[in-house]
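Residue strings, one per chain:
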Amino acid sequence: MSKGLPETRTDAAMSELVPEPRPKPAVPMKPIGINPNLLGYIGIDTIIEQMRKKTMKTGFDFNIMVVGQSGLGKSTLVNTLFKSQVSRKASSWNREEKIPKTVEIKAIGHVIEEGGVKMKLTVIDTPGFGDQINNENCWEPIEKYINEQYEKFLKEEVNIARKKRIPDTRVHCCLYFISPTGHSLRPLDLEFMKHLSKVVNIIPVIAKADTMTLEEKSEFKQRVRKELEVNGIEFYPQKEFDEDLEDKTENDKIRQESMPFAVVGSDKEYQVNGKRVLGRKTPWGIIEVENLNHCEFALLRDFVIRTHLQDLKEVTHNIHYETYRAKRLNDNGGLPPGEGLLGTVLPPVPATPCPTAE
C-alpha cells in the first residue's frame, strides 16, 4: 500500500488479510520484566508517557541570545537554525531582502510546532559591538539584560499568590559569534566571554567559516579552545556539570573536537542535484549549510536542539539562576526582592564591574 494515497476497497481487503501492526499502548498490557522484590506490576514505567502527554499539551519555552560584532550574520544564522524567520517579526520582510541591522537588544517571540510539540521560542537579538571608538564595558547592557530576566523570574517566584506557570524569559543559551580571522581572539572577545560565561550558557561559534580553508579552520578552532582555556573562560557544556561517565564521555568529545562550531548561515534556497537546499552561492559552486563536508551547522543544530536543549534549560535554572537568586536573597537579608529589612525597596543586582578591554 503506497504511503500518502487514499485507501481503496482493494487496499482495505488486503489489510484484512494482512493486519497492520497496532500502535504501542500508552500503558503496557504485559510488563516485559517485573522487579522480583515487587509482588506484581505497578505501572511506574508509564510516568514517561504521562510526562510526554503533559509536555505535548503545555509546550515549553526556549530563549536563545545571539552576541558578536557587526556583520557576522547573527540574525541569519538563527533563522537558518529554526528554518523560519524568527529573528525578525515584521511581515514586510522577506528572504530576498537584506536583514536590517540590529541597533538595540530586542526579544522576538514565536511559537514553533513540530510533530504536535509546541515550543515558544524567543530570540534575543543584540546590536553588534566593537564598532565604536570607545568599547569600554560594552558587554554591560547585555549582562544587565540577562540579570533582569533572572530578577523578573525571582519576583514571580517569591509572590505569595504566584502564577501556576511562571513565564520564563531567562536566557537559556547564548551563541557567541567569533570573527573568522584565522589568527586569535580579540582582547574584547575574551573580556566579553569572561563576563557573560558567569551568568549564561555560552556556545562559541566561528561565523562565515566558508572564508577559511579546511587547514585554517582546524588550526583556528584549536587556537580558540586553547585561548579560552588559558583565560579561564568556561563555555557550555561546562566540565563540572557532567552528571556521570556517559555525560563526560559525550561532552568531552564536543569540547575537544566540535567547539567552537565553524558555521555558515543562509536564508536562501538553491537547487542542488534536484533537491532544494539552504546555501550560499559562490563563483565556484553552492556552499550547502546542512552539508557536513561544507560546514558544521548541522552539528550545532543537533547539539542545541536535538541533544542538549533540555540540559541548557536545566543548567540555566539550577546553576546560573540559583547563583543569582542566592546572591540576591543574601544581599537582601533573606527577604524577597524589593523588600529591605525595614520595608525599603532594594535595586536589582547591577552588572559586574570589569576592567576596560584593550
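Going by an unreviewed UniProt entry, the protein chain carries the name Septin and comes from Bos indicus x Bos taurus. Heading Sequence similarities (unreviewed entry) of the UniProt record for the protein chain holds this comment: "Belongs to the TRAFAC class TrmE-Era-EngA-EngB-Septin-like GTPase superfamily. Septin GTPase family." Quoted verbatim from the Subunit (unreviewed entry) heading of the UniProt record, the comment on the protein chain is "Septins polymerize into heterooligomeric protein complexes that form filaments, and can associate with cellular membranes, actin filaments and microtubules. GTPase activity is required for filament formation."

Draft legend 1. Molecular detail of the confidence of the model for the protein chain. Averaged over all residues, the pLDDT of the protein chain equals 80, while 75% of them reach at least 70. Low pLDDT, under 50, characterises residues 89-93; the predicted model gives this stretch 11 contacts beyond four residues in sequence or across chains. Ignoring residues within four places in sequence, the model shows residues 340-345, a span with pLDDT below 50, making 8 contacts including any to other chains.

Draft legend 2. Focus on helix α6 (residues 214-230). The end-to-end C-alpha separation of α6 is 25 Å, in line with the 24 Å expected for 17 residues at 1.5 Å each. Of the positions making up α6, those classed as buried are Lys-217, Phe-220, Lys-221, Val-224, Arg-225, Glu-227 and Leu-228. The buried residues of α6 occupy an angular sector of 165° when projected down its axis, which confines them to one face. Across α6 from its buried face, at more than 90 degrees, point the exposed residues Glu-215, Lys-226, Glu-229 and Val-230. Where α6 is buried, its residues meet β4 (173-178), α5 (187-196), β5 (202-206), α7 (245-258) and β6 (261-262).

Draft legend 3. Structural view of the state of the cysteines. Scanning the model with the defined rule gives 0 disulfides in all. Just so you know, Cys-173 is unpaired, no disulfide at all, and the nearest cysteine sulfur is the one on Cys-174, 7.1 Å from it.

Draft legend 4. The nonpolar core, seen in detail. Grouped together as the largest cluster of nonpolar side chains are 71 residues, with contacts concentrated most on Phe-62, Leu-175 and Ile-203. In contact with Phe-62, other than residues within four places in its own chain, are Phe-82, Met-119, Lys-120, Leu-121, Thr-122, His-172, Cys-173, Val-304, Leu-309, Leu-312 and Lys-313.

Draft legend 5. Structural detail: a nonpolar patch on the surface. On the surface, a nonpolar cluster with roughly 310 Å² of combined accessible area is contributed by Ile-47, Ile-48 and Met-51. Mapped onto the elements of the fold, Ile-48 is located in helix α2 (residues 47-58). Of the residues examined, Ile-48 reaches a relative accessible area of 58% and is grouped as exposed.

Draft legend 6. Representation of the sheet that holds β4 in the model. On the basis of which strands lie adjacent, the open sheet formed by 6 strands has the order β2-β3-β1-β4-β5-β6 and mixed pairing. Sheet topology places β2 (106-114) and β6 at the edges, where each strand pairs with a single neighbour. Relative to strand β3 (residues 117-125), strand β1 (residues 60-67) runs parallel, the two sharing 7 bridges. Within β3, the position partnered with Met-65 by the bridge is Ile-124.

Draft legend 7. Highlighting a negative patch on the surface. Taken together, Glu-243, Asp-244, Glu-246, Glu-250 and Glu-314 make up a surface patch of like negative charges. Structurally, Glu-314 is set in helix α9 (residues 309-331). Judged by relative accessible area, which is 34%, Glu-314 ranks as partly exposed.

Draft legend 8. Local environment of the packing of aromatic side chains. Under the criterion given, the structure shown has 7 aromatic pairs. A ring pair is formed by Tyr-150 and Tyr-324, whose centres lie 5.7 Å apart and whose planes are at 45°; its orientation type is tilted. Here the residue Tyr-150 occupies a position in helix α4 (residues 140-157), and Tyr-324 occupies one in helix α9, the gap between them amounting to 174 residues. For Tyr-324, a relative accessible area of 6% translates into the label buried. Between the aromatic rings of Tyr-176 and Phe-192, the centroid separation amounts to 5.9 Å while the plane-to-plane angle is 55°, which identifies the pairing as tilted. Residue Tyr-176 is found in strand β4, and its partner Phe-192 is found in helix α5; the two are separated by 16 residues along the sequence. Using a relative accessible area of 0% as the deciding quantity, one classes Tyr-176 as buried. Site record: aromatic cluster; members linked through ring pairs are Tyr-150, Phe-153, Tyr-321 and Tyr-324. Geometry around Phe-153 places Arg-170 over its ring, the cationic atom sitting 3.7 Å from the centre. Over the ring of Tyr-321 we find Arg-170; its NZ or CZ atom is 4.9 Å from the centre of that ring.

Draft legend 9. Quick look at unusual backbone geometry. Cis rather than trans, the peptide bond between Tyr-236 and Pro-237 has omega equal to 0°. Checked against the element boundaries, Pro-237 lands in the loop between α6 and α7. Residue Pro-260 is reached from Met-259 by a cis peptide bond, and omega for that bond is -15°. For Lys-208, which is not a glycine, the phi torsion comes out positive at approximately 50°. Among the structural elements, Lys-208 can be located in the loop between β5 and α6. Exposure remark for Lys-208: the relative accessible area of 34% places this residue in the partly exposed category. The phi dihedral of Asn-273 is positive, around 50°, even though this residue is not glycine.

Definitions and limits used
Residues numbered from 1 in each chain as written. Predicted model: local features only at pLDDT ≥ 70, side-chain atom pairs only at ≥ 80, totals over all residues. Heavy atoms only, no water. UniProt positions renumbered as here; feature names shortened; annotations may be inferred. pLDDT = per-residue confidence, 0-100. Contact = heavy atoms within 4.5 Å. Helix = DSSP H or I, 4+ residues; strand = E, 2+ residues; numbered from the N terminus. Expected span 1.5 Å × (residues − 1). Buried < 20%, exposed > 50% of the residue type's maximum accessible area, 1.4 Å probe, protein only. Arc of directions from axis to C-beta. Disulfide = S-S within 2.5 Å. Core = buried A, V, L, I, M, F, W, Y, C linked by side-chain atoms within 4.5 Å. Patch = residues over 30% accessible without salt bridge, like charges linked within 9 Å, V, L, I, M, F, W, Y side chains within 5 Å. Areas by Shrake-Rupley, 256 points an atom, 1.4 Å probe, with all protein chains shown as cover. Salt bridge = Lys/Arg side-chain N within 4 Å of Asp/Glu carboxyl O. Pairing = 2+ DSSP bridges. Lys, Arg positive; Asp, Glu negative; His and termini not counted. Charge placed at Lys NZ, Arg CZ, Asp CG, Glu CD. Phe/Tyr/Trp six-rings, centres within 6.5 Å; stacked < 30°, edge-to-face > 60°. Lys NZ or Arg CZ within 6 Å of the ring centre and 35° of its normal.

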